[in-house]
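Coordinate analysis (summary)
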Amino acid sequence: MHGIILQTLQSFVVDTYGEDDWLAIQDEADIEEKVYVPVTVYPDGDVYEIARTAGDLTDQSPRTILTQYGRWVVPALLETYDLHIDDDWEGLELIANIQRFHTSLRTRDMTTLTTPRIRSERVDENRVRITYDSDRNLCDVARGAIQGVADRFDEDLVAEERTCMHEGDDACVFDIRRRVPAEADTAGAHSGEAND
């Protein structure tokens, strides 16, 4: 697991639940000796243990913790990888280009890190389909990140997860739609103005 994920997961826990909870999680998960560095690769198990322990301490499921983290981490990742992001992109455009963005990061990384396979498909102007496939089964982070992108770009995005690896499917498929004002409402407003 890339160190930036673990470092930002630690920051998420401290920011959301407090330093004392992070210290308790480190102790319970038996990772108190670890300091996470962005350019280092760590065992995948650390993420699962942090999520499990944080869930136990806060009476939430590990999947809920990972979804919250996914939403929280978007601004930090956008700042870190700013050079790979087109200034003209809105939230849905960022999601539509995630495959290209992700591929450039995979190519750049010269470690033994294995990253998830992500495919993006532009369905139409207001819809994108993302397919996530990874042995790590961290689709909850992706689900939260979609909402984090919507928050960051102040965009009304609706995500529907059509298939999920946690349900036995081969991959997780998300259909993301940008909600736009109904044309009928706009037409009605214009006709009302014309009749005044």
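Residues numbered from 1 in each chain as written. Predicted model: local features only at pLDDT ≥ 70, side-chain atom pairs only at ≥ 80, totals over all residues. Heavy atoms only, no water.

Once that is clear, we can look at the overall build of the chain. Tallying secondary structure elements over the chain gives eight helices and four strands in all. The linear arrangement of helices and strands in the chain, starting from the amino end, is α-α-α-α-α-α-β-β-α-β-β-α. Across the 196 residues in the chain, those meeting the buried criterion constitute 38%. For the chain, the share of sequence-separated contacts (at least 6 apart) that also reach a separation of at least 24 residues comes to 60%. When the accessible surface of the chain is split by element, carbon and sulfur atoms take 48% of a total near 11200 Å². (Helix = DSSP H or I, 4+ residues; strand = E, 2+ residues; numbered from the N terminus. Buried < 20%, exposed > 50% of the residue type's maximum accessible area, 1.4 Å probe, protein only. Contact = heavy atoms within 4.5 Å. Areas by Shrake-Rupley, 256 points an atom, 1.4 Å probe, with all protein chains shown as cover.)

Before going further, it helps to examine helix α4 (residues 62-80). Because an α-helix completes one turn every 3.6 residues, residues spaced three or four positions apart along the sequence face the same direction. Its 19 residues place the ends of α4 26 Å apart at the C-alpha level, agreeing with the 27 Å of an ideal helix rising 1.5 Å per residue. At valine 73, α4 shows its largest kink, close to 40 degrees, and the proline proline 75 lies no more than four residues downstream. Buried residues belonging to α4 abut α1 (3-17), α3 (45-58), α5 (91-96) and α7 (139-152). (Expected span 1.5 Å × (residues − 1). Bend = angle between axes of the 7 residues up to and from the residue.)

So, on to the nonpolar core. Counting 43 residues, the largest nonpolar core has Ile50, Ile95 and Ile176 as its most contacted members. When contributions to this core are tallied by element, the ones reaching two or more residues are α1, α2 (19-29), α3, α4, α5, β2 (127-133), α7 and β4 (172-178). The element best represented in this core is α4, accounting for six residues. (Core = buried A, V, L, I, M, F, W, Y, C linked by side-chain atoms within 4.5 Å.)

Time to look at the sheet that holds strand β3 (residues 157-163). In sheet architecture, strand pairing relies on hydrogen bonds along the backbone and comes in two forms, parallel and antiparallel. Pairing within the open sheet is antiparallel, and its four strands lie in the order β1-β2-β4-β3. Edge positions in the sheet fall to β1 (117-124) and β3, since each of these pairs with one other strand and no more. With direction set aside, neighbouring strand axes in the sheet form an average angle of 20 degrees. Examined bridge by bridge, β1 and β2 share seven bridges and lie antiparallel to one another. In the strand pairing of β2, arginine 122 is matched with valine 128. Across the sheet, α7 touches β2, β3 and β4, and the angle it forms with β3 is around 160 degrees. (Pairing = 2+ DSSP bridges. Axes fitted to C-alpha atoms, helices over the stretch in contact; angles between N-to-C directions.)

What follows concerns the confidence of the model for the chain. In the predicted model, the chain carries a mean pLDDT of 84, and 84% of its residues have values of at least 70. When pLDDT is averaged over each helix and strand of the chain, the minimum, 47, is found for helix α8 (residues 183-195) and the maximum, 95, for β4. (pLDDT = per-residue confidence, 0-100.)

Together, Asp27, Glu28, Asp30, Glu32 and Glu33 make up a region of like negative charge exposed at the surface. Position of glutamate 28 relative to the elements: it lies in helix α2. (Patch = residues over 30% accessible without salt bridge, like charges linked within 9 Å, V, L, I, M, F, W, Y side chains within 5 Å. Salt bridge = Lys/Arg side-chain N within 4 Å of Asp/Glu carboxyl O. Lys, Arg positive; Asp, Glu negative; His and termini not counted. Charge placed at Lys NZ, Arg CZ, Asp CG, Glu CD.)

A surface patch of nonpolar side chains, about 300 Å² in accessible area, is lined by Val35, Val37 and Val39. Within the fold, valine 35 resides in the loop between α2 and α3.

Here the focus is unusual backbone geometry. In this structure, aspartate 30 is a non-glycine residue whose phi angle is positive, near 60 degrees. Counting through the fold element by element, aspartate 30 comes out in the loop between α2 and α3. Despite not being glycine, aspartate 59 has its phi angle at roughly 55 degrees, a positive value. Topologically, aspartate 59 is positioned in the loop between α3 and α4. Overall, aspartate 59 belongs to the exposed group, its relative accessible area being 75%.

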